Each structure stands twice: as C-alpha cells, then as structure tokens.
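Residue-level listing of the chains:
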Amino acid sequence: MKLLSLLTLSLGLLLADVAPAQPPAAKRIAITIDDLPYASTTPISLDEAAALNQALLATLRRHGAKAVGFVNEDKLLRPGQIDAGVALLQAWLDAGMELGNHNFGHVGLWKGTLAQNQDAVLQGEVFTRWLTQRQGAPLRYYRHPYTQTGRDEAEREAFETFLSAHGYTVAPFTVEHDDSVFACVYERLQGPERERLQARVAEDYDAHLRRSVAVFETMSQQLFGRQIPQVLLIHASRLNADTLDRSLDTLASLGYRFVPLDEALQDPAYRSPARASGRFGPSWLARWARALGVKLTVYGQPDPDGETARLHAQLCAG
C-alpha cells in the first residue's frame, strides 16, 4: 500500500513537471466614450448621430463590453428635436450601458472658472438624471472635459468636494490614442480619394492603438510592477462608429477582457494620489507617477505620424 502511494505521488510530480503552464490571467480594460451624443468637427444631424450611436452600441453588445457614455447635454438642445436627443440617450440605457456627466457646454477647468464648471455639472444632468432615475440606473461618474482636473490643488479639491456632494465619482482614464486627431481627418476627407484615404486612416488608427497600448502597459509595469485594469477613453465620432469593432478585436488579441468601469476602479491603483492637471490632462498613469515621484521611461502615447499626421496638418490645423 505504501509502495502504491509512493508511485502515485511520483507520477503526480512527473505530470506536474510536464503539464503545460496555465495561461496568465487576462488583462482587463473598461471602455468609456466621451462627448455623447456626438463628437464632430463637421455638421451632423441628430438622425446621423442616432445612427452613429446605434453602431457603437451594436459593437459594444457584440463584444460583451459594458461602456460608460459621457454626455454633453447642450448638444441635445435642438429646436423641435429634443425628444430625438433624449431617445438617443435612452438607447444607451436600453442597451445595458451606463451614462455619465461630461457637463453642459464642455467647459474645462483651465479657461472656465470653478463656478462655471459647477454650474455646467448641474446643467448637464437634467435629462440624464431623469432618464437614469426612471430606468433605475446609476448616474455616478463625472468625466472632466479635456480631462482638466484643476489649475492647482485647491481648485481640484474644491471641485471634487462639489462633485462628491452631488453623488459623482471622477472617472479617470489610463489609455488614449489620439482618436480626435484621426477622427478629424476621417470626417473631413473629401473628393474621389475619400474612401481610399479613410481606409488608410483606419489602418493607421489601429496601428496607433497597438503602439499606444504598449506604452501604457510599460507605464503600468514600471509604476505598479503589474498590469492594472486599464480605462480606455475614446469619443463618439464617426471614426469610432466605423472602427470600434476592429479596435475591440485588437484589444482582445492583445489579451484584454472587457470589464465595467466600476470593476476596473476597484483595483487599489485607482486609490493612488493624482495632483491637479493644470492645462493638460494626461493619462492617470502619468499623474500617479508625478504624485508618487516615480520616474518612468515613457509618459504617454506616441504622436501620430505618416500620412495621417500630414493630412491632419492640412485639414484640421487652426
């Protein structure tokens, strides 16, 4: 009996030595989309905006990604079309997504005063709060326009105290990839070469996403010694409506699993201190590094280059 036990133990140890290693735990990323109902540098109808949002929602559902859409309610106020704008937001809730406040008028904490930003928060929740309360859904996240959190620490603390008093948590982000640059080029292209060039912009956009994710993973590893759950920031643009499926496929191919924002924010990394942004609003990874006095080898995504950069200078400058 003892001999049988020893043989069984030896076989178990041998199998353990040759068994394939378990794959590492999937990386996690939350999807956040700013500037609902649309982000556009060219005229757009609410019908087109509704189609744009339906495309985003269909892709999110297909990938099982629960996103937060941050609303600029001033964009809903079109004479005779307010109901259509409200229905667009309702579609997000019906799709199982979450809405957040991005303030009325996209007022930032650099050019705008503290009082103006506080007013913009309250003006920016009228329809969204009504819809979420009627749905029994939360309205809990605020995303600063331009991700500007204050000129100095006093302003940051005062504004975050105000947000907390009104039931809001600041929604940070850790991953971005200059989607506004690519989106501007994508929507302003005209002429017989438009489709070909848009396809090229989409190719460049995907390649830039891959490069940017690698940079933010490096920052996470250097700062925390591991891959924290990331938070992606993109905008409700025509470009993302057309390419989000590919972007989410790319993230999945890089080992990411899509999680809700609240799950990502449970990671202790998000309790790290972050100082006031000043004029520019970089990734929270860069903000944490600054506050903690940690020197990183990289501090954000690379600048777009190649044909997209050339077209941006030509079509979007000024």
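Residues numbered from 1 in each chain as written. Predicted model: local features only at pLDDT ≥ 70, side-chain atom pairs only at ≥ 80, totals over all residues. Heavy atoms only, no water.

A.B. asks: Any chance you could explain the overall build of the protein chain here in plain terms?
C.D. replies: Looking only at helices and strands, one finds 12 helices and seven strands in the protein chain. Expressed as lengths along the three principal axes of its C-alpha atoms, the size of the protein chain is roughly 85 × 55 × 45 Å. For the protein chain, buried positions account for 49% of its 318 residues. Partitioning the intrachain contacts of the protein chain with sequence separation of at least 6 by distance along the chain shows that 84% fall at a separation of at least 24. (Helix = DSSP H or I, 4+ residues; strand = E, 2+ residues; numbered from the N terminus. Buried < 20%, exposed > 50% of the residue type's maximum accessible area, 1.4 Å probe, protein only. Contact = heavy atoms within 4.5 Å.)

A.B. asks: I would appreciate a short explanation of the state of the cysteines in the present structure.
C.D. replies: Scanning all chains against the criterion turns up one disulfide. Disulfide partner of Cys184: Cys316, at an S-S distance of 2.1 Å. Given an S-S torsion of about -115 degrees, the disulfide between Cys184 and Cys316 has left-handed geometry. One end of the pair, Cys184, is in helix H7 (residues 179-188); the other, Cys316, is in the segment after helix H12 (306-315), with 132 residues separating them in the sequence. (Disulfide = S-S within 2.5 Å.)

A.B. asks: How should I be thinking about the layout of surface pockets in this particular structure?
C.D. replies: Sizing a probe to match a water molecule and rolling it over the atoms shows the empty space that remains. For the largest pocket, the calculated volume is near 970 Å³. Around the largest pocket, the lining comprises 36 residues; the ones closest to its centre are Asp35, His106, Tyr146, Ser180 and His235. Of all elements in the fold, only strand S1 (27-36), H7 and strand S6 (230-235) reach the threshold of two or more residues within the lining of the largest pocket. Sort the elements by how many residues they give to the lining of the largest pocket and H7 lands first, with seven residues. When grouped by side-chain class, the residues that make up the lining of the largest pocket number 10 nonpolar, 16 polar and 10 charged. In this structure, the second largest pocket occupies an estimated 340 Å³ of space. Glu160, Val170, Tyr270, Ser272 and Trp284 are, among the 17 residues lining the second largest pocket, the residues nearest its centre. Taken together, the elements giving at least two residues each to the lining of the second largest pocket come down to helix H6 (153-165), strand S5 (169-170) and helix H11 (284-292). In terms of residue count, the dominant contributor to the lining of the second largest pocket is H6 (four residues). For the lining of the second largest pocket, the per-class residue count stands at nine nonpolar, four polar and four charged. (1 Å grid on protein atoms, 1.4 Å probe; cavity = no way out; pocket = protein on both sides within 12 Å on 5 of 7 lines; lining within 4 Å. Points joined across faces, edges and corners; volume = space filled by probe spheres on them. Nonpolar A, V, L, I, M, F, W, Y, C, P; charged D, E, K, R; others polar.)

A.B. asks: Just checking my understanding: could you explain H11 for this structure?
C.D. replies: Each α-helix turn comprises 3.6 residues. Residues three or four places apart therefore point the same way. Counting buried positions along H11 gives seven out of nine residues, so the element sits mostly inside the fold. All of the buried residues in H11 are Trp284, Leu285, Ala286, Arg287, Trp288, Ala289 and Ala291. Summarising the contacts, the buried residues of H11 are in contact with S5, helix H8 (194-224) and S6. Backbone geometry just downstream of H11 places Gly293 in the positive-phi region, at approximately 70 degrees.

A.B. asks: How do you make sense of helix H5 (residues 126-135) when you look at a structure like this?
C.D. replies: Among the residues of H5, Thr128, Leu131 and Thr132 are the ones counted as buried. All buried residues of H5 fall inside an arc of 95 degrees around its axis, so they share one side. Opposite the packed face of H5, turned more than 90 degrees from it, sit the exposed residues Gln133 and Arg134. Close packing links the buried residues of H5 with strand S2 (68-71), helix H3 (82-94) and strand S3 (98-101). (Arc of directions from axis to C-beta.)

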